[in-house]
Amino acid sequence: MEMDFERCYRAVDSRDQRFDGWFYTGVTSTGIYCRPSCPAITPKRQNVRFFPSAAAAQGAGLRACRRCRPDAAPGSPLWDVRADVVGRAMRLIADGVVDRDGVPGLASRLGYTERHLHRMLRAEMGAGPLALARAQRAQTARILIETTDLAMAEIAFAAGFGSVRQFNDTLREVYASAPSDLRTARGRQQAPAGAGTISLRLAYRPPLHARALLDFLAVRALPGVEAVRDGTYHRGLRLPHGTGQVALTPTDGHVAATLRLADLRDLAPAVARCRRLLDLDADPAAIDATLAADPALAPVINAEPGIRVPRAVDGFEQAVRAIIGQQVSVTSARTTLTRLLTAHPRVDHEVGAVEEDRIPGQPHDQRGELRGFLSAEDLLALPDPAFGMPVGRREALRGLARAVVDGSVDLAAGVDREEAVRRLLALPGIGPWTANYLAMRAFGDPDVLLSSDLAVRRGAAALGLPDTPQTLDRYAERWRPWRSYATIRLWRAA
């Protein structure tokens, strides 16, 4: 977004929630920075500066507003559209790469020198990679302070700080409060029960069509990995330092998330992956406005505003699902995937929580721990009979797993989408539909139309649109850059 003063000030004056996360409002007279939608009195023009990131505002010596919590705003939707190096860097920073591998590791993943990466991030975000990661650590620390009873030293290292002194100095600078004062401000609020249990709110830009998200995830839910019950999505997670479980409940204005983590250092990546799964950083107003300009789509958009693209918490998992789902029904793919999972005698003991899950053919009170999906190494260890599918598809899965293990294919959040698609297409058994499906769901590309998909073509026919791949491709040019969202609409129409 261009940092045009007048446009930004109008958004602040109207307290427009749609701009939360696009930019941050710094108020020089009070020394704080806010979301555009902050309910406080609109500051005078001469006292306002606008920043492209919370880290940039912090770098200017401003502290986070205690009323609107700008550090917990939705992320910018720009990066999905642009998919450039800065967008990839932001996704990797959110996933904790700087905390785990440092700036050299981030630069190596992106294929740039540290100096050039710093220059690009400073130009776009007003802050370098260390400052951006520091802002995220401060937000993670605040969540842990407010939702757990952990000692401050434990929180410091769980949030990614190198020392307790660094932790104390950063929180005083960002929040103008000592860590102990932030806990005192929590009042009598009880910390969630159980070690490693954290409850927080995931912000989004309204509207959010929660039922569409939950319907999509429910019909594809794999026993032992995920479940949808009473308006809440539960699933197991495989995270950088261990395992976890999450319960996500969409509500008015936010998604309530309860996380149980084997290692609290995984809080930031777990939050980033949950946000990505539910597409919470999207700008539905802009998306729906573009698609509704087509009279054929306008009725379904007006009837169901805020449809999101369900994404993925694990790129390898989504790739396996896509390969198994080629040219078969969702139900058939789910059956094959369930057989594949049950063939691997893996039990994760790191997280002690037990979730109830309804498994087809078993009593409702059957209990089993939700766990993350198989890793590439797990899949390669399975014998031939475990796959229960044609030899070509089985070998396609093994070829993918080998490529992930040896690093020739990257399915992580900050991948270069075009390069990832090119490498996937070079693998046996992976065609354009599978690669583009992964671009949409695993890599977050907002502009993918699966025009050869049978359900997409049926949905197009139901809405009176062209329903052959070639004619639909030509027609869909008017939906750019949101053709992934049009694909979801056509699936629902089918």
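Residues numbered from 1 in each chain as written. Predicted model: local features only at pLDDT ≥ 70, side-chain atom pairs only at ≥ 80, totals over all residues. Heavy atoms only, no water.

Participant: In this structure, what is going on with the overall build of the protein? I would like to understand it.
Facilitator: When helices and strands are tallied, the protein shows 23 helices and 11 strands. Its C-alpha atoms give the protein a radius of gyration of 23 Å, near enough to 23 Å, the size a compact globule of 494 residues would have. When its C-alpha atoms are laid out on the principal axes, the protein stretches across 65 × 55 × 45 Å. For the protein, the proportion of its 494 residues judged to be buried stands at 56%. A total of about 20800 Å² of accessible surface is found on the protein, and carbon and sulfur atoms cover 51% of it. Averaged over its 65 positive side-chain charges, the protein has a centre that lies 2 Å from the centre of its 56 negative ones. (Helix = DSSP H or I, 4+ residues; strand = E, 2+ residues; numbered from the N terminus. Rg over C-alpha atoms; globule rule 2.2 N^0.38 Å. Buried < 20%, exposed > 50% of the residue type's maximum accessible area, 1.4 Å probe, protein only. Areas by Shrake-Rupley, 256 points an atom, 1.4 Å probe, with all protein chains shown as cover. Lys, Arg positive; Asp, Glu negative; His and termini not counted. Charge placed at Lys NZ, Arg CZ, Asp CG, Glu CD.)

Participant: When you look at the packing of aromatic side chains in this model, what are you seeing that I'm missing?
Facilitator: Here a ring pair, both rings aromatic, is described through the centre-centre distance and the interplanar angle of the planes. One pass over the full model with this rule turns up 11 aromatic pairs. Feature note: the residues Phe5, Tyr9, Phe19, Phe23 and Phe50 constitute an aromatic cluster, connected by ring pairs. The lysine or arginine in question, arginine 142, covers the ring of tyrosine 175, its NZ or CZ lying 4.6 Å from the ring centre. Just above the ring of tyrosine 475 sits the side chain of arginine 478; from NZ or CZ to the centre is 3.7 Å. (Phe/Tyr/Trp six-rings, centres within 6.5 Å; stacked < 30°, edge-to-face > 60°. Lys NZ or Arg CZ within 6 Å of the ring centre and 35° of its normal.)

Participant: Sorry if this is basic, but what is going on with the nonpolar core here?
Facilitator: The nonpolar side chains of a soluble globular protein tend to be buried with one another. Leu291, Val320, Leu400, Leu424, Phe443 and Trp479 are the most contacted members of the largest nonpolar core, which has 66 residues in total. In terms of residue count, the dominant contributor to this core is helix α15 (residues 315-324) (six residues). Apart from residues no more than four positions distant in its own chain, leucine 400 is found in contact with Phe316, Ala319, Val320, Ile323, Leu411, Leu424 and Leu427. If you look at the next biggest cluster of nonpolar residues, it comprises 52 residues, including Ala64, Ala73, Leu200 and Leu261. (Core = buried A, V, L, I, M, F, W, Y, C linked by side-chain atoms within 4.5 Å. Contact = heavy atoms within 4.5 Å.)

Participant: I tried to follow the sheet that holds strand β4 (residues 63-64) on my own but got confused; where do I start?
Facilitator: Sheet strands associate in pairs through backbone hydrogen bonding, adopting either a parallel or an antiparallel arrangement. What the four strands build is an open sheet, ordered β3-β1-β2-β4; its pairing is mixed. Edge strands, defined here as strands with exactly one partner in the open sheet, are β3 (48-51) and β4. Note: strand β1 (residues 24-27) against β3, four bridges, orientation antiparallel. What sits directly across from glycine 26, in β3, is arginine 49. The sheet contacts of helix α1 (residues 5-13) involve β1 and β3, and relative to β3 the element is tilted by about 100°. (Pairing = 2+ DSSP bridges. Axes fitted to C-alpha atoms, helices over the stretch in contact; angles between N-to-C directions.)

Participant: So what exactly am I meant to see when it comes to the environment of alanine 158 here?
Facilitator: With respect to the secondary-structure elements, alanine 158 resides in helix α8 (residues 152-158). Take alanine 158: its relative accessible area is 9%, and that puts it in the buried class. Once you skip the residues sitting within four places of it in the chain, alanine 158 turns out to touch Leu144, Leu264 and Arg265.

Participant: I'm lost on the pairing of strand β6 (residues 226-229) in this one. Help?
Facilitator: Looking along a regular strand, one sees side chains alternate from face to face of the sheet. For β6 and strand β7 (residues 232-239), the ladder comprises four bridges, and the chain directions are antiparallel. Each residue of the ladder has a partner; that of alanine 227, found in β7, is histidine 234.

Participant: How should I be thinking about helix α19 (residues 417-425) in this particular structure?
Facilitator: Note on helix geometry: an α-helix contains 3.6 residues per turn, so any two residues three or four positions apart are oriented the same way. Among all positions in α19, only Arg417, Ala420, Val421 and Leu424 are buried. Each buried residue of α19 lies within a common arc of 100° when the element is viewed along its axis, so the set occupies one face. Against the buried residues of α19 lie α3 (78-82), α4 (85-94), α18 (391-405) and α20 (432-441). Between the side-chain oxygen at the start of α19 and the backbone nitrogen of glutamate 418 there is a gap of 3.2 Å, and the oxygen is on aspartate 416. (Arc of directions from axis to C-beta. Polar contact = N/O pair within 3.5 Å; in protein donor to acceptor, adjacent residues only side chain to side chain.)

Participant: What's the story with the environment of glycine 224 in this structure? I'm lost.
Facilitator: Along the chain, glycine 224 falls in the loop between α11 (210-219) and β6. Judged by its relative accessible area of 11%, glycine 224 falls in the buried class.

Participant: Please clarify how the side chain of aspartate 288 should be interpreted in this entry.
Facilitator: Here aspartate 288 is to be found in helix α13 (residues 284-292). Looking at aspartate 288, the relative accessible area reads 10%, which means it is buried. With residues up to four places along the chain from it excluded, the contact list for aspartate 288 reads Ile301, Pro305, Gly306 and Arg489.

Participant: Mind showing me how you'd approach the packing of α15 against α20 here?
Facilitator: The description of two packed helices rests on the angle between their axes and on the distance between the axes. Put simply, α15 and α20 touch, their axes get as near as 10 Å, and they point 145° apart. Two packed elements cross with a definite hand, and for α15 against α20 that hand is right-handed. Note on element contacts: α20 touches α15 through Trp433, Thr434, Tyr437, Leu438 and Arg441, opposite Gln318, Ala319, Ala322 and Ile323. Residue classes in the contact of α15 with α20 are distributed as six nonpolar, two polar and one charged. (Left-handed = near helix turned anticlockwise from the far one by under 90°. Nonpolar A, V, L, I, M, F, W, Y, C, P; charged D, E, K, R; others polar.)

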